[in-house]
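Below are the chains, spelled out letter by letter.
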Amino acid sequence: MHAQLKPSDWQSVFPALEKKFGKPTRADRRTLRNAFGAEFVSNDAVWIIGESSIIARQYFKFDQAVVWLVSSEELRQAEEDERAAQDDL
């Protein structure tokens, strides 16, 4: 399950998630660069709740934020895929 949002919604979505689920299990900031060289800072947060996880990314794409609800196995696989993609760069 996922929800697509505008990156500007992060300022209200993140505090609402934090209020509901507490401090994230993991929080990161990534610097992203678009094709024109402009840089963006993306805030990412993960809450692990039992066998499920909530993943929130301020910039999933440059015009889209996203919140996913996934199983722990799906989170593990997504993290492996992301590491493999970074290794290919």
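Quick note: structure is the one above.
Residues numbered from 1 in each chain as written. Predicted model: local features only at pLDDT ≥ 70, side-chain atom pairs only at ≥ 80, totals over all residues. Heavy atoms only, no water.

Novice: Help me understand the sheet that holds strand E5 (residues 64-71), please; the structure alone is not making it clear to me.
Specialist: Strand pairs in the sheet, formed through backbone hydrogen bonds, run parallel or antiparallel to each other. In space, the five strands of this open sheet follow the order E1-E5-E4-E3-E2, with antiparallel pairing throughout. Where the open sheet ends on each side, the last strands, each with one partner, are strand E1 (2-5) and strand E2 (26-33). Strand-to-strand twist across the sheet, computed as the mean angle between neighbouring axes with direction ignored, equals 15°. (Pairing = 2+ DSSP bridges. Helix = DSSP H or I, 4+ residues; strand = E, 2+ residues; numbered from the N terminus. Axes fitted to C-alpha atoms, helices over the stretch in contact; angles between N-to-C directions.)

Novice: What should I look at first to understand the packing of aromatic side chains in this one?
Specialist: Any two aromatic rings considered together are summarised by their centre-to-centre distance and by the angle between their planes. The full count for this structure, using the stated rule, is three aromatic pairs. Arranged with centres 5.4 Å apart and planes meeting at 20°, the rings of Trp10 and Phe14 form a pair that is stacked. With a gap of four residues between them, Trp10 and Phe14 both fall in helix H1 (residues 10-21), about one helical turn apart. In this structure, Trp10 and Phe14 share a single accessibility class: buried. (Phe/Tyr/Trp six-rings, centres within 6.5 Å; stacked < 30°, edge-to-face > 60°. Buried < 20%, exposed > 50% of the residue type's maximum accessible area, 1.4 Å probe, protein only.)

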